Amino acid sequence: MPQEEQTSVTRDSRSRDGQDDVRYDAHRIEAKWFERWQQEPLLYAAEPHSTKPKYYVLEMLPYPSGALHMGHVRNYAIGDALARYMWMNGYNVLHPMGWDSFGLPAENAAIQNHTPPRQWTLQNIAAMKAQMKLLGFGYDWSREVTTCLPDYYRWNQWFFIRLFEKGLAYRKKSLVNWCPKCCTVLANEQVVNGRCWRHEDTLVEQRELEQWFLRITNYSDELLRDLDRLPNWPEKVRTMQRNWIGRSEGTLVDFKLEGATDPATSTISVFTTRVDTIFGATSLQLAPQHPLVTRLTKHNDLLRTEVDQFIAEQRKAREVGDIGEIEKHGVNTGRFAVNPYNGEKVPIWVANYILMDYGTGAIMSVPAHDDRDYEFAKKYKLEIRLVILPLAQDPEETAVEPKLPFTTMQGTLVNSARFSGMDCEAAIKAMSEHAEKNGFGKATVTYRLKDWGISRQRYWGTPIPMLYCEKDGIVAVPEKDLPVILPENVDITLTGGSPLGRVPDFVNATCPKCGGPARRETDTMDTFVDSSWYFYRYTDARNDQVPFDPEKAGYWFGDHGIDQYIGGIEHAILHLIYSRFWTKFMRDMGLIKNDEPVERLFSQGMIIKGGAKMSKSLGNTVSPDDMMERYGADSARMYTLFATSPDRELDWLDEGVEGIERFLGRVYRFVARNASQASPDTQLGTPLAPEARQIQRKLHQTIKRVSDDFQGRWHFNTSIAAIMELVNELYAAEGRVGEARVVAGDSPPSLIPVPLLREVQRDLAILLEPFAPYLAHELWEMLGEKGSLLRAPWPKYDPALAKEEEIEIPVQINGKLRGRIVVPADAPEDVIHERALAEARIKATLNGKQIVKVIVVPNKLVNIVVR
Ligand SMILES: [Zn+2]
Ligand SMILES: [Zn+2]
């Protein structure tokens with residue numbers, strides 16, 4: 001993409017580029033408009049009662065680290081351009097911003113700098129908010145949401161109690177992921193390749209703890225099904241969510257541990273998608289973390305050593321990335337399980353490739369009909385028993401034995417007692433029913449998605465509003481006592497355990513049921529709770545009676561959710577699954593009507609520099625402050641939209657920003673020289689001289705391209721390039737502007753009429769507004785416009801005026817005229833080439849001949865040489 005097109009500028013006596021009297025001073029212009037906009041608090045405010053159609057555009061709220069990075073600027077520049085476009089198209093726009101302000105970095109900073117997390121966080125928010133304002137982002141700050149403040153997090157607590165009442169929040173002891181660096185529990189979603197999502201170098205440990213969980217799995221089916229109702233989400237995000245939910249249909253079968261003394265612990269549940277092969281099961285394989293394995297190894301040190309080894313191997317495989325590639329090992333426990341279908345005893349093994357977080361952590365091994373089981377059986381010389389034969393091609397012939405493993409479903413059961421002779425599909429159904437009737441299993445659907453563990457042993461988060469009473473057990477804090485305020489001046493150290501547990505004033509409470517002493521829950525909520533519903537709060541951010549007024553949320557969310565949500569692909573799973581769950585729960589509570597929070601989702605590409613991700617350690621970060629200082633806010637944000645299309649990775653070049661600044665300077669100087677001529681009184685006469693027609697055509701084409709990009713693929717880089725071309729045309733024509741006025745009845749003068757000049761400058765200011773709002777407002781004022789540019793109607797293009805002049809070009813074959821094509825004047829060679837070959841008569845003549853060469857003389861002729 002060119003930074004700025006070359007153009008031939010006619011030099012005449014008037015001032016031209018580079019002269020100081022009309023220097024583009026971005027700082028002066030931006031300071032002036034910044035001041036004015038501060039005086040207009042309602043400029044970007046959504047209207048409370050409006051007859052206009054609504055539009056809710058939202059960028060994901062940032063974590064207040066202290067300074068914006070260019071990735072933020074790109075994200076917000078996209079959303080802001082869209083918001084401005086929608087304002088000018090007559091919509092009532094909601095465009096808010098807030099702060100995802102609980103979380104670990106505030107605590108770490110507190111430890112390092114001895115600054116209380118609240119103070120550190122609020123300072124950072126102030127700094128980033130100032131940056132956003134300087135960048136000219138049009139947010140409705142009256143709706144600002146700060147998740148670490150009690151007026152917000154009290155509603156997390158309110159929701160938690162509702163979830164608890166509905167049985168959707170519960171406490172259980174379980175193996176949890178523990179990050180030794182965070183000193184806290186992580187959700188499954190926060191473990192990436194066995195490592196902490198915040199500490200890529202830290203392996204996650206398994207610990208057994210009592211934790212609060214949210215029953216997101218109650219919605220597994222709906223979360224999966226409704227992905228089909230989100231056609232305006234990136235397919236990649238939907239696929240990631242589908243895989244994360246991980247639905248599979250199969251059968252649960254209970255094997256019995258042979259010789260078990262305690263019937264309560266004698267069942268080994270196995271999940272299989274191929275119960276039709278169960279007569280071929282020659283062993284059970286358990287995950288090394290399976291509870292039975294834990295029991296069996298208690299008095300078996302040899303086995304314990306092996307199992308520990310497997311756990312280490314799994315960890316290592318996760319580190320490398322693909323656990324499926326693990327070299328398979330196993331050990332025979334010496335115990336047996338009984339196959340409930342035939343009473344057969346099969347040996348129980350522990351294997352390193354069985355994962356506790358899939359299915360039940362136990363599988364039946366059927367070597368003849370499964371690749372992995374076959375490999376394992378060969379290695380350990382386990383029996384391989386054929387129970388499925390391929391369907392015979394000819395019913396007269398007996399089926400031949402297949403090459404093993406035979407894994408397809410196109411087969412017939414053999415060696416399977418009363419089920420022999422059935423085809424696989426029918427057998428799965430019959431055998432599942434048989435299990436259910438006899439009480440040892442049933443057809444079932446499993447999900448990879450697990451309940452959401454939300455307890456964190458951290459200070460800087462929402463206190464979980466629960467009490468523990470010796471008499472009454474777990475008791476929710478009464479609603480009138482909310483919020484449970486997070487105490488300040490808490491000693492935060494990473495020695496493990498919840499910091500709130502060391503604050504007696506916080507811990508010691510009174511039971512609301514019996515009035516006796518109670519202990520307060522000292523864990524805080526995962527910060528993903530905060531972001532699961534924050535966008536509803538924007539619709540009614542100052543409500544202190546309920547989280548939000550359902551009517552207000554109903555207006556902005558409608559039936560389909562946020563009209564446009566914009567944020568990084570790194571939130572494809574966590575944030576977006578949790579907030580979809582929260583939406584469904586709030587719908588079931590009757591708070592909202594929409595099933596999904598977001599109708600359209602856009603994930604912008606990353607910004608890199610010098611081929612690498614920007615990072616402090618590489619020293620290749622770019623500071624928005626520095627860019628604003630050097631080139632101005634307009635240039636910095638416009639560059640993030642111009643460098644490439646917003647979905648792609650952007651390789652940062654400072655020279656690119658400089659190029660944008662030069663372009664904006666050209667626009668500024670042109671309007672400075674020509675604004676005064678643009679008298680508003682005259683009407684545009686027709687017909688126009690060819691030069692004027694060319695400008696008019698370019699204007700309408702530009703409006704079309706920019707409008708189409710906003711409504712379609714968001715290739716703002718091509719929008720901006722189109723505006724640049726328009727400006728080049730204006731420069732080329734500048735010497736011939738405005739010396740004559742068109743009077744009705746005159747023959748067209750070969751000049752650019754004044755009304756056209758006025759129209760094009762006015763539209764230019766509007767077209768630039770979404771990308772470079774400061775300059776656009778300055779141009780608007782220079783043109784003598786009185787009303788607010790942000791409310792000026794977006795120009796409509798006239799397809800007839802946008803249409804290229806068309807010309808007819810003869811098409812020859814071997815020098816003989818064979819047809820004609822009609823193409824736009826100055827159509828590029830490849831277009832002419834393609835049209836010539838597609839023309840019906842030419843196509844017919846060419847049929848069967850070999851094309852040697854196609855000669856295109858633009859605007860003149862095409863000659864096709866054939867053999
Ligand atoms: Zn960590
Ligand atoms: Zn009590």
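What comes next concerns the included structure. Computed from a prediction, not measured in an experiment: that's the story for all the values here. Within any chain, residue numbers begin from 1 and follow the written order of that chain's sequence. Key to labels: chains lettered from A, ligands numbered from 1, both in the order written. Reporting in this predicted model follows two pLDDT cut-offs: at least 70 for local features of residues, and 80 or more for side-chain atom pairs to be given and counted; totals over whole chains, interfaces and linings ignore these cut-offs and use all residues. As a rule here, side-chain values cover all heavy atoms of the structure and leave hydrogens and water aside.

To continue, consider the overall build of the protein chain. Secondary structure elements follow DSSP: runs of H or I of four or more residues count as helices, runs of E of two or more count as strands, with numbering from the N terminus. In terms of helices and strands, the protein chain carries 25 helices and 34 strands. Here the C-alpha coordinates of the protein chain stretch approximately 110 × 85 × 50 Å along the principal axes. Counting across all 867 residues of the protein chain, residues that qualify as buried make up 54%. Note on areas: Shrake-Rupley with a 1.4 Å probe; residue coverage comes only from the protein chains shown. For the protein chain, the accessible surface area stands at approximately 38400 Å², while carbon and sulfur atoms represent 50% of it. The positive count covers Lys and Arg only, the negative count covers Asp and Glu only, and His and the chain ends enter neither. For this purpose, a charge sits on NZ of Lys, CZ of Arg, CG of Asp or CD of Glu. Side chains of the protein chain give 105 positive and 117 negative charges; the mean places of these two sets differ by 1 Å. Exposure categories follow from relative accessible area, calculated using a 1.4 Å probe and restricted to protein chains: below 20% of the type maximum is buried, above 50% is exposed, and the middle band is partly exposed.

On to the coordination of the zinc ion (ligand 1). Perfect tetrahedral coordination of a metal by four donors corresponds to 109.5 degrees between them, and perfect octahedral coordination by six donors corresponds to 90 or 180 degrees. Protein-derived coordination of the zinc ion (ligand 1) comes from Cys179 (SG), Cys182 (SG), Cys196 (SG) and His199 (ND1), at a distance range of 2.0 to 2.3 Å. For Na, K and Ca the donor cut-off is 3.2 Å, and for all other metals it is 2.8 Å, counting N, O and S atoms only; because water is absent from this set, sites may look incomplete. Mapping the donors of the zinc ion (ligand 1) onto the primary sequence yields the spacing C-x2-C-x13-C-x2-H. Placement of cysteine 182 in the loop between β5 (169-179) and β6 (184-186) and of cysteine 196 in strand β8 (residues 195-196) is noted, with a sequence separation of 14 residues between them. Given a relative accessible area of 2%, cysteine 182 falls into the buried group.

In this section: the pattern of salt bridges. We define a salt bridge as a side-chain nitrogen of Lys or Arg found within 4 Å of a carboxyl oxygen belonging to Asp or Glu. This model, assessed by the stated rule, comprises 55 salt bridges. One salt-bridge network, held together by shared partners, links Glu222, Asp226, Arg229, Arg580, Lys584, Arg587, Asp588, Asp595 and Glu596.

Attention now moves to the coordination of the zinc ion (ligand 2). Around the zinc ion (ligand 2), the donor atoms from the protein are Cys469 (SG), Asp472 (OD), Cys511 (SG) and Cys514 (SG), and they sit 1.9 to 2.3 Å away. Under this scheme a four-donor centre is tetrahedral when all angles range from 85 to 135 degrees, a four-donor centre is square planar and a six-donor centre octahedral when opposite donors are above 155 degrees with the rest from 65 to 115, and any other centre is irregular. Geometry at the zinc ion (ligand 2) is tetrahedral, judged from the four donor atoms that bind it and their angles of 105 to 115° at the metal. All donors of the zinc ion (ligand 2) come from a single chain, and their spacing in sequence reads C-x2-D-x38-C-x2-C. Take cysteine 514: its relative accessible area is 32%, and that puts it in the partly exposed class.

Take helix α16 (residues 624-631) next. Listed as buried for α16 are Pro624, Met627, Met628 and Tyr631. Each buried residue of α16 sits inside an arc of 100° when the element is viewed along its axis, so together they form one side. Considering only its buried residues, α16 is in contact with α1 (26-38), α2 (70-88), α4 (117-134), α17 (633-642) and α18 (654-674). Polar contact is defined as a pair of N or O atoms within 3.5 Å, subject to the rule that within protein one atom must be able to donate a hydrogen and the other to accept it, and that residues adjacent in sequence are counted only when both atoms are side-chain atoms. Its side-chain oxygen at 3.1 Å from the backbone nitrogen of aspartate 625, serine 623 defines the N-terminal cap of α16. Each direction from the helix axis to a C-beta atom contributes to the arc, which is the arc of those directions. Residue contacts follow a heavy-atom distance rule, with two residues in contact if any of their heavy atoms lie within 4.5 Å.

Another point: the nonpolar core. Note on terminology: a nonpolar core comprises buried Ala, Val, Leu, Ile, Met, Phe, Trp, Tyr and Cys residues joined through side-chain atoms within 4.5 Å. Ranked by internal contacts, the top residues of the largest apolar core, which has 97 residues, are Trp652, Leu768 and Phe771. Looking at this core, the element that brings in the most residues is α2, giving 12 residues. For leucine 768, the residues in contact, after removing those within four places along its chain, are Met638, Phe663, Leu664, Val667, Ile723, Pro773, Ala776 and Leu779. Among the nonpolar cores identified, the runner-up in size contains 90 residues, and Ala46, Leu214, Phe528 and Met586 belong to it.

A word on the sheet that holds strand β30 (residues 650-651). Strand order in the open sheet formed by three strands is β29-β28-β30, with mixed pairing between adjacent strands. Each edge of the open sheet is held by one strand with a lone partner, namely β29 (612-613) and β30. Both strand β28 (residues 607-609) and β30 contribute to a ladder of two bridges, which runs parallel. Bridge pairing in β30 links isoleucine 608 to aspartate 651. Being paired, for any two strands, means DSSP has found at least two bridges between them.

Once that is clear, we can look at the environment of threonine 267. By secondary structure assignment, the location of threonine 267 is in strand β11 (residues 267-272). When the C-alpha atoms of threonine 267 and tyrosine 219 are compared, they prove to be 28 Å apart, with 48 residues separating the residues in sequence. Beyond its immediate stretch of four places on either side in the chain, threonine 267 contacts Asp254, Phe255 and Lys256. A distance of 2.8 Å separates the side chain of threonine 267 from the side chain of lysine 256, its partner in a polar contact.

Within the secondary structure, glutamine 604 is located in strand β27 (residues 601-604). Among residues more than four places away in sequence, those in contact with glutamine 604 are Gly71, Arg74, Asn75, Ile78, Ile566, Gly567, Gly568, Pro646 and Asp647.

Fitted lines through C-alpha atoms serve as axes, helices being fitted only where they are in contact, and the angles separating the N-to-C directions of these axes extend from 0 to 180 degrees. Orientation of α18 relative to helix α22 (residues 773-782), taken along the N-to-C sense of each, is 10°, at an axis distance of 10 Å. Compared by their axis directions, α18 and α22 come out roughly parallel. Along the contact surface, α18 presents Leu664, Val667, Tyr668, Val671 and Ala672, while α22 presents Leu775, Glu778, Leu779 and Met782. Three residue categories are used. Nonpolar comprises Ala, Val, Leu, Ile, Met, Phe, Trp, Tyr, Cys and Pro, charged comprises Asp, Glu, Lys and Arg, and polar comprises the others, including Gly. Taken together, the residues of the contact of α18 with α22 sort by class into eight nonpolar, no polar and one charged. In these notes the angle categories are as follows: under 35 degrees is roughly parallel, over 145 is roughly antiparallel, 65 to 115 is roughly perpendicular, and the rest is oblique.

Before going further, it helps to spend a moment on the sheet that holds β5. Here four strands make up an open sheet; going across it, the order is β6-β5-β9-β19 and the pairing antiparallel. Bordering the open sheet on either side are β6 and β19 (452-453), each of which pairs with just one other strand. Note: strand β9 (residues 205-214) against β19, two bridges, orientation antiparallel. Of the residues in β19, the one forming a bridge with phenylalanine 213 is glycine 453. The strands touched by helix α5 (residues 150-165) within the sheet are β5 and β9, with β9 carrying the most contacts at an inclination of about 90°.

Moving on, we come to unusual backbone geometry. In this structure, proline 405 follows leucine 404 across a cis peptide bond, with omega equal to -5°. Relative to the helices and strands, proline 405 resides in the loop between β16 (388-390) and β17 (411-413). In this chain, leucine 482 is followed by proline 483 through a cis amide linkage whose omega measures 0°. Position of proline 483 among the secondary structure elements: in the loop between β22 (473-476) and α12 (504-507). Notably, asparagine 415 is not glycine yet its phi reads approximately 50°, a positive angle. Residue position: asparagine 415 is located in the loop between β17 and α11 (424-437).

Function-wise, these values are silent; they only describe arrangement.
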